[in-house]
Amino acid sequence: MLEARLEQANLFKKVVDAIKDLVQDCNFDCNDSGIALQAMDNSHVALVSMMLRSESFAPFRCDRNIALGINLTSLTKVLKCAQSDDILTLKAEDAPDVVELVFESAESDRISEYSIKLMDIDQEHLGIPETDYGATISMPAAEFQRICRDLIALSESVSIECSKEGVKFACQGDIGSGAVTLRQHTNVDKPEMNVEINMSEPVSLTFSLKYLVNFCKASGLSNQVRLCLSNEVPLLVEYSLANNSHLRFYLAPKIGDEE
Amino acid sequence: MPPKPRSKQSAKTTSAAPDAEPSAPAKTLPPSDANPRKLFILPKDATPDARIVTLSNPATRTPNRYFHCPKHGFYEFTKIAAPKKSPRSWLIADQGVGKNEEGVKKGDSQEESTRSSSSSSGYIAKAADLFIATPFDPLFFLLPVLQPKDAKAKSLFLASDDYLDAMGETSPHMRHLFQTPITRTLLERRMADICDHVSAGQEKMYRINHDKVLAEFLHKAERMIANGLPASMEEKFVRTALQKPVTSVKEETDISRVEAPVEKSGAEPMILADAADVAESQSSAAETSQDSQSSFDSTATASTAATSISIAASSEITLSSPKIPIIDAPEGIPHLLRLRTALTFLTSSYLPPTLRTLITTTLTSSTTPNIPSFAPLNAHLAALATLRAEQAALRSISDNISRKRAHADDDDEVAEARAEKKRRKEEEDKKKRNESRAVKQLKKVDTSGMKKLSSFFTKK
């Protein structure tokens, strides 16, 4: 039996919105520590990993491990029926056929109940090792989103170069080239505007912008985004959530050709 | 092998082993004999000069053992063995045999005594083989030498001495045998039966005449079938060959029964080849006949207790007659087929291959009135063959039908599979419709140079 009450439906809506453009169906693995999700896109070059800790919910009850196989498009449809500040409760039996979603409007005593049929999804889980990245960049999520959107107008891929000077997003396209460089920057008034670069070695990697733009759909979830890079390993784009929860994206770098 | 004079040898387990193997007095019990004794049944009126000789087998040109009695001529050995599946042994108890013998035959006391001394304690022969000497027409020995080696060459008139010399070349023992006048005259008489001969002064000159050979063989074949063919031959070559295909195809069993003769019909032309295999060696030929006489065999084994073989043989004949249900064939056809079967057996067992084909062609081409025409038989067999072919065709059709019916079940499966496929496809379509635009667009992204994440992260 699962029962997870989320104070703000908005969080779940945004998370699902961010994921749904990357994967179609996925399992929400529920256990007593919370709700986790790991899924890859169709091409298996990007991976999304979500962790909503039980502390995010009040109350959270999960008697045994349940995997809820949900089509994200369907879930999006249902979530659209919820107002941003509705209280969302996820409910499921121990061996469920459906997952129930209850939206309670605090203002108007309105209770809406929806259920979504579950599906069996065969998904391989990847073990993601703790990595000491060569460079870790924290920046405003909106800034990252803007850079990606600007550069995709020129090219499909972006090279992210991290050096002492700062981090340089550069692209080379048919119509010309573009580059955005960010330097370490501390804004005392608005800490969310800080740009922080921690680097142990210079890193230069190229990524598909389309995927990055896709990841940026999670920008609404967090003020800051963390980019972790190391040569020859996937890029980690992490959006931190409250209560130690997170939404992480991994993207394989482009190696060889083109550049 | 003509079933002629088996009756001639009566209860004669007597002149058994010692004749052939005059060795090894078994005072102590040796572990096993390196040269085990063999049990022979020899003609009772054989003279003391009779010998086992090695002569060239007329059909295979390999040396074979024959029994020769100066007075009565040649005998071949027919080996009767227990089937491999039920191994048996001979217990040759001298005591019992001796007592029996006293009644039958008191004479030859000298031989008696040697034997009793040698095997007074009894003897167990591991192999339950019984070798029976049956009269053998010396004609068969003559034919290979009478027939010129090159079939096309014009055969010449030659003196009997020349032929006999040629025979002596192949089988050295023969040279000694025709020293005895009786054997020589016997050989010459048989030679005269199948040859044209002219007199050149004192000497008679001979040349083989194939028509005469054929007539001789026909005569033998007639005699062979006079008492009916051995049961297994009758069954295999006559009954199944003449069996009419069953017309009904409704039941599976019928179909299978139709099938059987269709297979056998192929065997008809194969008789010769089949029998030729059989005739590869004298003993193996004998084994076939032994096969055919399995009923006889069991009785023969029992004859250790001095049962007479003639009873066994005759019992076999009487047995075979009531066993045979009526063969459904036009008048004379079964007889013709039996005759041909007998002829095929004779020619393949006792004739060299060159002569065999010659006889077969003479048989088919000859228009001599005293040679029966096999035309009606051929016509009947051809008719049967076409009938069977039709049946087979019909069967395959009906087979198809039944297969179709089986297919009907398959069809369900196929339909199921198809439905499954359709369902899956629909699901896929649905999935596609459910796909968000972004996911669709993401599919178009150029992922070249991007390794799959599974190459970075290990599977759990």
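Before reading further, recall that the structure is shown in the block above.
Residues numbered from 1 in each chain as written. Chains lettered and ligands numbered in written order. Predicted model: local features only at pLDDT ≥ 70, side-chain atom pairs only at ≥ 80, totals over all residues. Heavy atoms only, no water.

Draft legend 1. Quick look at the overall build of chain B. If you tally the helices and strands in chain B, you get 16 helices and eleven strands. Taking all contacts inside chain B whose residues are at least 6 apart in sequence as the whole, residues at least 24 apart take part in 74%. (Helix = DSSP H or I, 4+ residues; strand = E, 2+ residues; numbered from the N terminus. Contact = heavy atoms within 4.5 Å.)

Draft legend 2. Structural context of the overall build of chain A. Counting secondary structure elements, chain A contains four helices and 19 strands. For chain A, buried positions account for 53% of its 259 residues. Across chain A, the fraction of contacts at a sequence separation of at least 24, relative to all contacts at a separation of at least 6, is 64%. Per element, the accessible surface of chain A, about 11,900 Å² overall, is 43% carbon and sulfur. (Buried < 20%, exposed > 50% of the residue type's maximum accessible area, 1.4 Å probe, protein only. Areas by Shrake-Rupley, 256 points an atom, 1.4 Å probe, with all protein chains shown as cover.)

Draft legend 3. Main features of the interface of chain A and chain B. Each side of the interface is counted separately: chain A has 38 residues, and chain B has 23 residues. With both sides pooled, the region where chain A packs onto chain B buries about 2,700 Å², and carbon together with sulfur makes up 61% of that total. On the chain A side of the interface with chain B, the three residues burying the most area are A:Gln24, A:Leu126 and A:Lys254, jointly 17% of the side's total. Applying the counting criterion to the chain A and chain B interface returns one salt bridge. Residue A:Lys254 pairs with B:Asp446 through a salt bridge whose shortest N-O separation is 3.6 Å. At the boundary of chain A with chain B, the tally comes to four residue pairs in polar contact (both at pLDDT 80 or more). Elements represented by at least two residues in the side of chain A that touches chain B include exactly β4 (46–53), α2 (72–79), β10 (126–127), α4 (209–215) and β19 (246–251) of chain A. (Buried area = accessible area lost by both parts, 1.4 Å probe. Salt bridge = Lys/Arg side-chain N within 4 Å of Asp/Glu carboxyl O. Polar contact = N/O pair within 3.5 Å; in protein donor to acceptor, adjacent residues only side chain to side chain.)

Draft legend 4. Looking closely at the sheet that holds strand β8 (residues 98–105) of chain A. Residue and element names in this part refer to chain A. Read from one edge to the other, the open sheet built from five strands follows the order β5-β1-β7-β8-β9, with strand pairing classed as antiparallel. The outermost strands of the open sheet, each flanked by one partner alone, are β5 (57–62) and β9 (110–117). Geometrically, the sheet is characterised by an average inter-axis angle of 15° between neighbouring strands, direction not taken into account. (Pairing = 2+ DSSP bridges. Axes fitted to C-alpha atoms, helices over the stretch in contact; angles between N-to-C directions.)

Draft legend 5. Structural detail: the sheet that holds strand β3 (residues 63–69) of chain B. All names here are of chain B. Across the sheet, five strands lie side by side as β1-β7-β4-β3-β2; this open sheet has mixed pairing. Both outer strands of the open sheet, β1 (39–41) and β2 (51–56), are each paired with one neighbouring strand and no more. Sheet twist, expressed as the average angle between the axes of neighbouring strands with direction ignored, equals 40°. Relative to strand β7 (residues 130–136), β1 runs parallel, the two sharing three bridges. Following the sheet pairing, Leu39 is matched in β7 by Leu130.

Draft legend 6. Molecular detail of the nonpolar core. Residues A:Phe28, A:Phe144, A:Phe169 and A:Leu247 are the most contacted members of the largest nonpolar core, which totals 92 residues. It is helix α1 (residues 9–20) of chain A that provides the largest number of residues to this core, a total of six residues. Summarising the domain contributions, this core has at least three residues from each of domain 1 (2–117) and domain 2 (135–251) of chain A. Formed by 55 residues, the second largest nonpolar core is a distinct cluster that contains B:Phe140, B:Val238, B:Leu346 and B:Ile359. (Core = buried A, V, L, I, M, F, W, Y, C linked by side-chain atoms within 4.5 Å. Domains from an automatic or database assignment.)

Draft legend 7. Molecular detail of the pattern of salt bridges. Within this structure, the stated rule accounts for 23 salt bridges over all chains. Of the charged contacts in the structure, one is a salt bridge between A:Arg248 and A:Glu238, with a shortest N-O distance of 3.1 Å. Pair noted here: A:Arg248 is in strand β19 and A:Glu238 is in strand β18 (residues 235–240), with a separation of ten residues, a long-range link. With a relative accessible area of 22%, A:Arg248 lands in the partly exposed category. Between B:Lys79 and B:Asp129 there is a salt bridge, with its nearest N and O atoms 3.8 Å apart. Here B:Asp129 lies in the loop between β6 (123–125) and β7 and B:Lys79 lies in strand β4 (residues 73–80), a separation of 50 residues in the sequence. Each member of the pair, B:Lys79 as well as B:Asp129, carries the same accessibility label: buried. Taken together, the shared-partner salt bridges connect B:Asp137, B:Arg190, B:Asp193, B:Glu216 and B:Lys220 into one network.

Draft legend 8. Molecular detail of the state of the cysteines. Residue and element names in this part refer to chain A. For the structure shown, the criterion picks out zero disulfides over all chains. Note on Cys148: no disulfide assigned, nearest cysteine sulfur contributed by Cys216 at a separation of 4.0 Å. What makes Cys148 buried here is its relative accessible area of 2%. (Disulfide = S-S within 2.5 Å.)

Draft legend 9. Structural view of the packing of aromatic side chains. Tallied over the entire structure, the rule returns 19 aromatic pairs over all chains. Consider the rings of A:Phe103 and A:Tyr114, whose centres lie 5.5 Å apart with planes at 45°: the pair is tilted. Remark: A:Tyr114 occurs in strand β9 and A:Phe103 occurs in strand β8; sequence separation between them is eleven residues. Judged by relative accessible area, which is 27%, A:Tyr114 ranks as partly exposed. When the ring of B:Phe40 is compared with that of B:Phe131, the centres are 5.0 Å apart and the planes differ by 25°; the resulting orientation is stacked. (Phe/Tyr/Trp six-rings, centres within 6.5 Å; stacked < 30°, edge-to-face > 60°.)

Draft legend 10. Quick look at the packing of helix α3 (residues 139–146) of chain B against helix α7 (residues 210–226) of chain B. Residue and element names in this part refer to chain B. The interhelical angle for the contact between α3 and α7, taken along N-to-C directions, is 155°, at an axis separation of 13 Å. One finds that α3 runs roughly antiparallel with respect to α7. As α3 packs across α7, the resulting crossing turns out to be left-handed. Residues Leu139, Phe140 and Leu143 of α3 form the contact with α7, whose own contacting residues are Val213, Glu216, Phe217 and Lys220. A class-by-class count of the residues in the contact of α3 with α7 yields five nonpolar, no polar and two charged. (Parallel < 35°, antiparallel > 145°, perpendicular 65-115°, else oblique. Left-handed = near helix turned anticlockwise from the far one by under 90°. Nonpolar A, V, L, I, M, F, W, Y, C, P; charged D, E, K, R; others polar.)

Draft legend 11. Local environment of α2(A). All names here are of chain A. Within α2, six of the eight residues are buried, which leaves it mostly tucked inside the rest of the structure. Within α2, the full set of buried residues consists of Leu72, Thr73, Leu75, Thr76, Val78 and Leu79. Capping the start of α2 is the job of one residue whose side-chain oxygen sits 3.0 Å from the backbone nitrogen of Thr73: Asn71.

Draft legend 12. Local environment of unusual backbone geometry. Residue and element names in this part refer to chain A. Pro59 follows Ala58 through a cis peptide bond whose omega is -5°. As for its position among the elements, Pro59 is in strand β5. Despite not being glycine, Glu232 has its phi angle at roughly 70°, a positive value. You can see Glu232 is positioned in the loop between β17 (224–229) and β18. On the basis of relative accessible area, Glu232 is assigned to the exposed category, the value being 51%. Of note, Asn244 is a non-glycine position whose phi angle comes to about 70°, a positive value. Its place among the elements puts Asn244 in the loop between β18 and β19. Since its relative accessible area comes to 58%, Asn244 is described here as exposed.

Draft legend 13. Structural view of the side chain of B:Glu76. All names here are of chain B. For Glu76, the location among the structural elements is in strand β4. By relative accessible area, which is 2% here, Glu76 ends up buried. A polar contact is formed between the side chain of Glu76 and the side chain of Tyr350, at a distance of 2.7 Å.

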